[in-house]
Amino acid sequence: MVLTFLLLAVLGIPYGVLSLLNNRGVWRSNSRWRGRFCVTLLFLLTGCAHFMFTSEMAQILPLWVGHPTAIIYVTGLLELAGAIGLWISVFSRAAGIGLFIFLAAVFPANIYAAVHRIDVGGQGGGPLYLLIRAPLQILLMTWVWYFTVRK
């Protein structure tokens with residue numbers, strides 16, 4: 001569960017601090033920029049985690065998935081590429097769409113890990129974990145869409 005709250009903190013705390021700085025006239029930014037900045041932080045951190053905790057992350061993949069280590073590396077690269085792409089104007093919207101789709105695509109691994117009580121990132125708590133993770137996943141997807149994709 002700690003990981004779940006860490007993800008929320010990575011989105012909420014920088015957004016709040018940047019909003020406060022904006023309101024005080026210290027650092028001018030609009031809400032879209034702040035939200036995109038927080039999405040970038042989130043995916044830079046989670047993307048790097050794929051290379052730091054590869055074997056742990058590979059455990060949450062279903063057994064029928066081949067080459068779990070390679071998949072963890074590839075998905076880590078996708079997260080890092082998406083985070084960087086958000087700041088390249090010609091790729092920004094496509095990167096946001098890609099990250100949105102990525103979040104939807106990886107959620108079944110969270111379900112698998114919770115059902116099988118694989119103790120990585122709090123999923124050892126079993127299906128109860130999904131009561132927190134599912135709404136968080138929807139929040140993450142909404143945040144990504146709102147701040148990086150919508151026109």
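Quick caveat: nothing in here was measured; it's all calculated off a predicted structure.

(A) View of the packing of helix 2 (residues 31-52) against helix 4 (residues 68-85). At a minimum axis separation of 8 Å, helix 2 and helix 4 run at an interaxial angle of 160 degrees. One way to sum up the angle between helix 2 and helix 4 is to call them roughly antiparallel. Where helix 2 crosses over helix 4, the handedness of that crossing is left-handed. For the pair formed by helix 2 and helix 4, the contact residues are Thr40, Phe43, Leu44, Thr46, Gly47, Cys48, His50 and Phe51 on the first element and Ile72, Tyr73, Thr75, Gly76, Leu77, Glu79, Leu80 and Ala83 on the second. Residue composition of the contact of helix 2 with helix 4, by class: nine nonpolar, six polar and one charged.

(B) Representation of the state of the cysteines. Applying the stated rule across the entire model yields zero disulfides. In this structure Cys38 is not part of a disulfide, and its nearest cysteine sulfur, from Cys48, lies 17 Å away. You can call Cys38 buried: its relative accessible area is 0%.

(C) Representation of the packing of aromatic side chains. Overall, the coordinates contain ten aromatic pairs when judged by the stated rule. Between Tyr15 and Trp143, the ring centres sit 5.5 Å apart and the planes meet at 80 degrees, which makes this aromatic pair edge-to-face. Of this pair, Tyr15 sits in helix 1 (residues 2-23) while Trp143 sits in helix 6 (residues 127-149), and the two are 128 residues apart along the sequence. The residues Tyr15 and Trp143 share a single accessibility class, namely buried. With a centroid separation of 5.5 Å and 20 degrees between ring planes, the pair formed by Phe51 and Tyr73 is classed as stacked.

(D) Spotlight on unusual backbone geometry. If you check the backbone angles, His67 has positive phi at about 55 degrees while not being a glycine. Structurally, His67 can be placed in the loop between helix 3 (54-58) and helix 4. One non-glycine residue with positive phi stands out, namely Arg117, at about 50 degrees. Residue position: Arg117 is located in the loop between helix 5 (92-115) and helix 6.

(E) Up close: the side chain of Thr75. Within the secondary structure, Thr75 sits in helix 4. With a relative accessible area of 14%, Thr75 lands in the buried category. Here the side chain of Thr75 touches His50 through a polar contact of 3.0 Å, side chain to side chain.

(F) Main features of the packing of helix 1 against helix 6. Interaxial distance between helix 1 and helix 6 falls to 10 Å at its minimum, and their mutual angle equals 30 degrees. Compared by their axis directions, helix 1 and helix 6 come out roughly parallel. The hand of the helix 1/helix 6 crossing is left-handed. On the side of helix 1, the interface is formed by Thr4, Leu7, Leu8, Leu11 and Tyr15, while helix 6 contributes Tyr129, Ile132, Arg133, Leu136, Leu139, Leu140, Trp143 and Phe147.

(G) Here's a closer look at helix 6. End to end, helix 6 covers 31 Å across 23 residues, agreeing with the expected 33 Å (1.5 Å per residue, within 8%). Arg133 marks where helix 6 bends most, by close to 30 degrees; the proline Pro135 follows one to four residues later. The set of residues buried in helix 6 consists of Tyr129, Leu130, Arg133, Leu136, Gln137, Leu140, Met141, Trp143, Val144, Phe147, Thr148 and Val149. In this structure, the buried residues of helix 6 make contact with helix 1, helix 2 and helix 5.

What counts and how
- Residues numbered from 1 in each chain as written.
- Predicted model: local features only at pLDDT ≥ 70, side-chain atom pairs only at ≥ 80, totals over all residues.
- Heavy atoms only, no water.
- Axes fitted to C-alpha atoms, helices over the stretch in contact; angles between N-to-C directions.
- Helix = DSSP H or I, 4+ residues; strand = E, 2+ residues; numbered from the N terminus.
- Parallel < 35°, antiparallel > 145°, perpendicular 65-115°, else oblique.
- Left-handed = near helix turned anticlockwise from the far one by under 90°.
- Contact = heavy atoms within 4.5 Å.
- Nonpolar A, V, L, I, M, F, W, Y, C, P; charged D, E, K, R; others polar.
- Disulfide = S-S within 2.5 Å.
- Buried < 20%, exposed > 50% of the residue type's maximum accessible area, 1.4 Å probe, protein only.
- Phe/Tyr/Trp six-rings, centres within 6.5 Å; stacked < 30°, edge-to-face > 60°.
- Polar contact = N/O pair within 3.5 Å; in protein donor to acceptor, adjacent residues only side chain to side chain.
- Expected span 1.5 Å × (residues − 1).
- Bend = angle between axes of the 7 residues up to and from the residue.

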